[in-house]
Amino acid sequence: MTKSTLDDDKATILELHRDWWEANAGLDIPRMQKVFPTGDAYLMFNLNGHPYFNLEEKTKLWEFYSTRLEIAMPEVVIMRLDVVGDLAYLCAEGVFPSRVKADAAEADVEASDAPRLVRATEIYKRDDGQGNPTWTMWHFHCSPLPAGDSPRPAFDDTTDQRGLGFVPGVEPISVVGK
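Only a predicted model underlies this, so the values are computations on that prediction, with no experimental measurement involved.

> Report on the overall build of the protein chain, specifying residues and quantitative values.
Per the secondary structure count, the protein chain includes 4 helices and 8 strands. Order of helices (α) and strands (β) in the protein chain, N terminus to C terminus: α-α-β-β-α-β-β-β-β-β-β-α. Compactness check: the protein chain gives a C-alpha radius of gyration of 17 Å against a globular reference of 16 Å for 178 residues, within 12% of the reference. The C-alpha extent of the protein chain, read off along each of the three principal axes, is 50 × 40 × 30 Å. Classification of the 178 residues of the protein chain by burial places 42% in the buried group. Within the protein chain, contacts between residues separated by at least 24 positions form 61% of all contacts whose residues are at least 6 apart in sequence. If you average the places of the 18 positive and of the 29 negative side-chain charges in the protein chain, the two averages end up 2 Å apart.

> Any details on the pattern of salt bridges? Residues and values, ideally.
By the definition in use, this model includes 7 salt bridges. Close ionic contact of Asp157 with Arg152 constitutes a salt bridge, the shortest N to O distance being 2.8 Å. On the accessibility criterion, Asp157 (17% relative accessible area) is buried. Put simply, Asp9, Asp86 and Arg126 are held in one network by salt bridges that share partners.

> Any details on the sheet that holds strand β8 (residues 135-144)? Residues and values, ideally.
What the 6 strands build is an open sheet, ordered β2-β1-β8-β7-β5-β4; its pairing is mixed. Looking along the sheet, the strands with just one partner apiece sit at the ends: β2 (51-52) and β4 (75-84). Two strands pair when backbone bridges link them, and strand β1 (residues 43-45) and β8 are joined in this way by 3 bridges, in the parallel orientation. From the neighbouring strand, Leu43 faces β8, where its bridge partner is His139.

> Summarise the nonpolar core; cite the residues concerned and give the values.
In terms of nonpolar packing, the biggest core is built from 39 residues, with Trp20, Trp21 and Phe140 touching the most fellow members. If one sorts the elements of this core by residue count, helix α1 (residues 3-24) sits on top with 6 residues. In this view, Trp20 contacts Met32, Val35, Phe36, Met44, Lys58, Trp62, Glu122, Met137 and Phe140; residues no more than four positions away in its chain are not counted.

> Explain the pairing of β4 to me, and be specific about the residues and the numbers.
Pairing between β4 and strand β5 (residues 87-96): 9 bridges, direction antiparallel. When the sheet's bridge partners are listed, Val84 is paired in β5 with Leu87. Here β4 hands over to β5 after 2 residues, with Gly85 in that stretch at a positive phi of 60°.

> Can you explain unusual backbone geometry? Please cite residues and give values.
Located in the positive-phi region is Leu27, a residue other than glycine, with phi close to 50°. Looking at the secondary structure, you find Leu27 in the loop between α1 and α2 (29-33). For Leu27, a relative accessible area of 10% gives the class buried. A positive phi is found at Asp156, a non-glycine position, where the angle reads about 60°. With respect to the helices, strands and loops of the structure, Asp156 is situated in the loop between β8 and α4 (159-162). Look at Asp156 and you get exposed, because its relative accessible area is 59%.

The rules behind each value
- Residues numbered from 1 in each chain as written.
- Predicted model: local features only at pLDDT ≥ 70, side-chain atom pairs only at ≥ 80, totals over all residues.
- Heavy atoms only, no water.
- Helix = DSSP H or I, 4+ residues; strand = E, 2+ residues; numbered from the N terminus.
- Rg over C-alpha atoms; globule rule 2.2 N^0.38 Å.
- Buried < 20%, exposed > 50% of the residue type's maximum accessible area, 1.4 Å probe, protein only.
- Contact = heavy atoms within 4.5 Å.
- Lys, Arg positive; Asp, Glu negative; His and termini not counted.
- Charge placed at Lys NZ, Arg CZ, Asp CG, Glu CD.
- Salt bridge = Lys/Arg side-chain N within 4 Å of Asp/Glu carboxyl O.
- Pairing = 2+ DSSP bridges.
- Core = buried A, V, L, I, M, F, W, Y, C linked by side-chain atoms within 4.5 Å.

Read these as layout, nothing more, since geometry by itself doesn't imply function.
Structure representation (structure tokens):
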């Protein structure tokens, strides 16, 4: 793979990453749908703890949340992005601001007026779900980070001290909400 192709691939993946996270703000379903493959190949481990198995299920989840949650623009910092051939992975940390809409039943959703610290892994494949060589996100996993002031065992530093996206010797990248 030539450097220019690698640079182009990384730029495309960063654009998909930005579209995905920015689509969360306001639950922009058409923008979200452009990021993922068609068919049943997609798998998501949602921040709510449950899996979703394809774009149709993800769309239904977002339709459900659109009547129950207000999501503001997340802050997401990329820790690693690696592209090898037709596969890539991206690891990130961020702040996910959501709150339950006033007229929604609290029991239907888990949200807080306090923004949640999250971490995510995104797996990309140069395949649109129909075999065309187009980058799409085939897997997404999001889970809570420990509280910002929680000491990391064996090291006693905290996310607040390190800053979101910190990896020793690596400059974090942020393309969301710019």
